[in-house]
Amino acid sequence: MNPVKVKTEKGIMTATLADVENRNALGMALLAGLNEALEAAEADDQIRTLVITNEGSTFCAGANLKERSGAAQADAPPKNAIGFEEMLEKIQHASIPVIGRIAGHVVGGGNGLAASLDIAIAQEDVKFGFTEVRLGVIPAIISVVCLPKMRRGEAMEAFLRGNRFPASKAADYGLISRAVPADQLDAAVEEVLSDIRKGGPNALGQAKRLVYDVPTMETKEAFQYTARLSG
């Protein structure tokens, strides 16, 4: 069974994390499924955006510890196999917006997946948590996408305590865009998608690049870069 279910409707591709048994942990097959969906969405001129959501009570539980410990039988890497850090980078460099519909808890590396999304909306009854330190490890890879969104003091507390916190606090931290009541999640996501459908495909991709690229540039370089885009 494919741990990522994909469907397309009205110019929107939705990739649903469906490895409920493993709480949508970041195993090779799940990452390959996400990679395949993203590549297919980017290759199709009719697709305006990719939505990532979940089945079950967990959006993403982070690393697949069964695979990492070798407890699972070693198989050949699946087609479109990709490392987690590569997946995060591909999401942020994708030519289309990648939107999160978070309908389950977010733990460990799942915070990195949530933070890598361009716009992410979570239902307010789910919990987030950087629980790595309680397992004797650290949120290393995901810090690359989480820390640019968080204030230092809040990141320090979240990383060191390893506690769970509500989606509303995840929004305050900047990890996600906002939290809404569960019965309003679909409407909130659809509102975003409705607006995105009105944008020019190339403009959407270039606007996304502005947000990621301009803050990393010196002022003169940024003006030269944006002048070329404006022209």
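Everything numeric here is computed off the predicted structure, so don't read it as measured data.

Trainee: Please explain the side chain of Thr 131 as it appears in this structure.
Mentor: You can see Thr 131 is positioned in the loop between strand 8 (127–129) and helix 5 (140–146). Excluding residues that lie within four positions of it along the chain, Thr 131 makes contacts with Val 107, Gly 108, Gly 162 and Arg 164.

Trainee: Please explain the packing of helix 9 (residues 201–213) against helix 10 (residues 219–230) as it appears in this structure.
Mentor: When two helices pack together, their arrangement is given by the angle between their axes and by how far apart the axes lie. Direction vectors running N to C along helix 9 and helix 10 enclose 175°, while the axes themselves pass 12 Å from each other. Between helix 9 and helix 10, the interaxial angle falls into the category roughly antiparallel. Where helix 9 abuts helix 10, its residues Gln 206, Arg 209, Leu 210 and Asp 213 lie against Tyr 225, Thr 226 and Leu 229. Residues of the contact of helix 9 with helix 10, tallied by class, amount to 3 nonpolar, 2 polar and 2 charged.

Trainee: Just checking my understanding: could you explain the packing of aromatic side chains for this structure?
Mentor: Aromatic ring pairs are reported here in terms of the distance separating the ring centres and the angle at which the planes meet. Throughout the structure, instances matching the rule amount to 4 aromatic pairs. Ring centres of Phe 128 and Phe 165 lie 6.4 Å apart, and the angle between their planes is 15°; this geometry places the pair in the stacked category. You can see Phe 128 sitting in strand 8 and its partner Phe 165 sitting in strand 9 (residues 164–166), a full 37 residues away along the chain. What makes Phe 165 buried here is its relative accessible area of 2%. Ring pairing ties together the aromatic residues Phe 128, Phe 130, Phe 159, Phe 165 and Tyr 173, which thus form one cluster.

Trainee: How should the sheet that holds strand 7 (residues 119–123) be read in this particular structure?
Mentor: Sheet strands associate in pairs through backbone hydrogen bonding, adopting either a parallel or an antiparallel arrangement. Strand order in the open sheet made by the 6 strands is 1-2-3-5-7-10, with mixed pairing throughout. Two strands lie at the open edges of the sheet, namely strand 1 (4–9) and strand 10 (178–180), each paired on one side alone. The average angle at which neighbouring strand axes cross in this sheet is 20°, direction not considered. When strand 7 meets strand 10, the two strands line up parallel, connected through 3 bridges. Paired with Ala 122 across the two strands is Ala 179, which belongs to strand 10. Seen against the sheet, helix 1 (residues 28–43) touches strand 1, strand 2 (12–17), strand 3 (49–54) and strand 5 (98–102) and runs at an angle of roughly 180° to strand 2.

Trainee: How should helix 3 (residues 84–93) be read in this particular structure?
Mentor: Helical periodicity: at 3.6 residues per turn, an α-helix aligns residues three or four positions apart in one direction. All of the buried residues along helix 3 are Phe 84, Met 87, Leu 88, Ile 91 and Gln 92. Taken down its axis, helix 3 places every buried residue within 130° of arc, on the same side. Against helix 1, strand 3, strand 5, helix 4 (110–116), helix 5 and helix 9 lie the buried residues of helix 3.

Trainee: Explanation requested: the sheet that holds strand 8 in the structure shown.
Mentor: An order of 4-6-8-9 is seen for the 4 strands of this open sheet, with the pairing classed as mixed. Of all strands in the sheet, those bounded by a partner on one side alone are strand 4 (58–60) and strand 9. The average angle at which neighbouring strand axes cross in this sheet is 25°, direction not considered. In this structure, strand 6 (residues 105–107) lies alongside strand 8, joined through 2 bridges in parallel fashion. Paired with Val 106 across the strands is Phe 128, a residue of strand 8.

Trainee: Can you walk me through the state of the cysteines in this structure?
Mentor: Per the stated rule, a full pass over the model turns up 0 disulfides. The closest cysteine sulfur to the non-disulfide-bonded Cys 60 is located on Cys 146, 11 Å from its own sulfur.

Trainee: I keep staring at the environment of Ile 99 and nothing clicks. Help me out?
Mentor: Of note, Ile 99 is situated in strand 5. The sequence separation of Ile 99 and Leu 117 amounts to 18 residues, and the corresponding C-alpha distance is 5.8 Å. Not counting residues within four places of it along the chain, the set of residues in contact with Ile 99 comprises Thr 49, Leu 50, Val 51, Ile 52, Leu 117, Ile 119, Val 192, Leu 193 and Ile 196.

Trainee: Looking at this model, I keep getting lost on a positive patch on the surface. Mind explaining?
Mentor: Residues Arg 23, Lys 127, Arg 134 and Arg 164 make up a contiguous surface patch of positive charge. Tracing the sequence through the fold places Arg 134 in the loop between strand 8 and helix 5.

Trainee: What is the right way to read unusual backbone geometry from this model?
Mentor: With glycine set apart, most residues show a phi of negative sign, and most peptide bonds adopt trans. Of note in this structure, Lys 10 is not a glycine but carries a positive phi near 55°. Mapping Lys 10 onto the fold places it in the loop between strand 1 and strand 2.

Parameters and conventions
- Residues numbered from 1 in each chain as written.
- Predicted model: local features only at pLDDT ≥ 70, side-chain atom pairs only at ≥ 80, totals over all residues.
- Heavy atoms only, no water.
- Helix = DSSP H or I, 4+ residues; strand = E, 2+ residues; numbered from the N terminus.
- Contact = heavy atoms within 4.5 Å.
- Axes fitted to C-alpha atoms, helices over the stretch in contact; angles between N-to-C directions.
- Parallel < 35°, antiparallel > 145°, perpendicular 65-115°, else oblique.
- Nonpolar A, V, L, I, M, F, W, Y, C, P; charged D, E, K, R; others polar.
- Phe/Tyr/Trp six-rings, centres within 6.5 Å; stacked < 30°, edge-to-face > 60°.
- Buried < 20%, exposed > 50% of the residue type's maximum accessible area, 1.4 Å probe, protein only.
- Pairing = 2+ DSSP bridges.
- Arc of directions from axis to C-beta.
- Disulfide = S-S within 2.5 Å.
- Patch = residues over 30% accessible without salt bridge, like charges linked within 9 Å, V, L, I, M, F, W, Y side chains within 5 Å.
- Areas by Shrake-Rupley, 256 points an atom, 1.4 Å probe, with all protein chains shown as cover.
- Salt bridge = Lys/Arg side-chain N within 4 Å of Asp/Glu carboxyl O.
- Lys, Arg positive; Asp, Glu negative; His and termini not counted.
- Charge placed at Lys NZ, Arg CZ, Asp CG, Glu CD.

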